[in-house]
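Results of the structural survey
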Amino acid sequence: MSTVRTMRRLGAVSAAAIAATIAFAGPASAHAEVTASNAQALAKDVVLTFTGEAESESGGFTEVRVVLPEGIAPGDVTLDEAPEGWKMKSTKDGYTLSGPKLAVGTNAVHKVKVRQLPDAKSLAFKTIETYSDGKVSRWIELPGDGPEPEEPAPVLELKAAAAGAKPAKSPSPSRDAADKTSGKASGTSDKASGDSGTTEKKADEEESSNAGAATAIGISIGVLIVAGAGLWVFKQRRSAE
């Protein structure tokens, strides 16, 4: 009977160690999502709603950057709704929204109107979110044949185009043209975009480094707990003998 109780205790300890390891290494629970007023290929004047779930315990959202998928140019997008005081700026591959920081724990929700959706089965909108405490969340991983991404980009699944639907005859200005127009208007938009990209890269490297360290610590703790449990069982058996 004592051997059975010992094995049960060992199993419980091992389960706790595994749970602790997963807690350290698991992905973030918050996500960025996108929905549409009409999720159909070639649909016109579609309103897209983006929701960034708050995951920082010490800072509020200050900026959201969205990379538009192939087939949607920055000139095709206009702001429909955003947090109070936030402004929209076009970038070479999409747009940014920024403004006064939101309250800690408040989701970042904004809406844009797209002139026409492209003829595709799905659209991925890579999203980068910045908080007032310096935290940067990069929802940019695309789904593939491997494991589910830990930081998936928002993906919008589209229905097939309606019968007779055709692409607009007068396409919007290209991304480069839109970027040049924005640059002339602001005078410093290109420089600001470059500085933002550098900051995001550094923040991403620091976050990846911290995540790797946390995973290593979690695995080490799990190994030590299991090893300690095994040693305890060995001593119990020696005592019984």
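See above for the structure.
For clarity, every value in this text was computed on a predicted model and none was experimentally measured.

Here T130 shows up in strand β9 (residues 126–131). For T130, a relative accessible area of 17% translates into the label buried. The residues touching T130, leaving out its near neighbours within four places in the chain, are G60, F61, T62, E63, K135 and V136.

Before going further, it helps to examine the sheet that holds strand β3 (residues 61–67). In spatial order, the strands read β5-β6-β3-β9-β10; together these five strands make up an open sheet with antiparallel pairing. Each end of this open sheet is capped by a strand with a single partner; those strands are β5 (87–90) and β10 (136–139). Within this sheet the neighbouring strands show an average axis-to-axis angle of 15 degrees, counted without direction. Summarising the sheet, β5 and strand β6 (residues 94–98) pair through four bridges and their orientation is antiparallel. Paired with K89 across the strands is T96, a residue of β6.

Moving on to empty space enclosed by the protein. The full count for this structure, using the stated rule, is one cavity of 30 Å³ or more. What the largest cavity holds in volume is close to 60 Å³. The wall of the largest cavity is formed by A32, E33, F50, T51, G52, V64, A108, H110, T127, E129 and P154. Elements with a minimum of two residues in the lining of the largest cavity: β1 (32–36), β2 (44–52), β7 (108–116) and β9. With three residues, β2 is the largest single contributor of residues to the lining of the largest cavity.

What follows deals with the nonpolar core. Counting residues in hydrophobic clusters, the biggest one holds 24 residues, and the most contacted among them are L48, F50, I72, Y95 and F125. Secondary-structure elements contributing two or more residues to this core are β2, β3, β6 and β7. Contacts of F50, omitting those with residues within four sequence positions, involve E33, V34, V66, Y95, A108, V109, H110, V112 and F125.

About the thresholds
Residues numbered from 1 in each chain as written. Predicted model: local features only at pLDDT ≥ 70, side-chain atom pairs only at ≥ 80, totals over all residues. Heavy atoms only, no water. Helix = DSSP H or I, 4+ residues; strand = E, 2+ residues; numbered from the N terminus. Buried < 20%, exposed > 50% of the residue type's maximum accessible area, 1.4 Å probe, protein only. Contact = heavy atoms within 4.5 Å. Pairing = 2+ DSSP bridges. Axes fitted to C-alpha atoms, helices over the stretch in contact; angles between N-to-C directions. 1 Å grid on protein atoms, 1.4 Å probe; cavity = no way out; pocket = protein on both sides within 12 Å on 5 of 7 lines; lining within 4 Å. Points joined across faces, edges and corners; volume = space filled by probe spheres on them. Core = buried A, V, L, I, M, F, W, Y, C linked by side-chain atoms within 4.5 Å.

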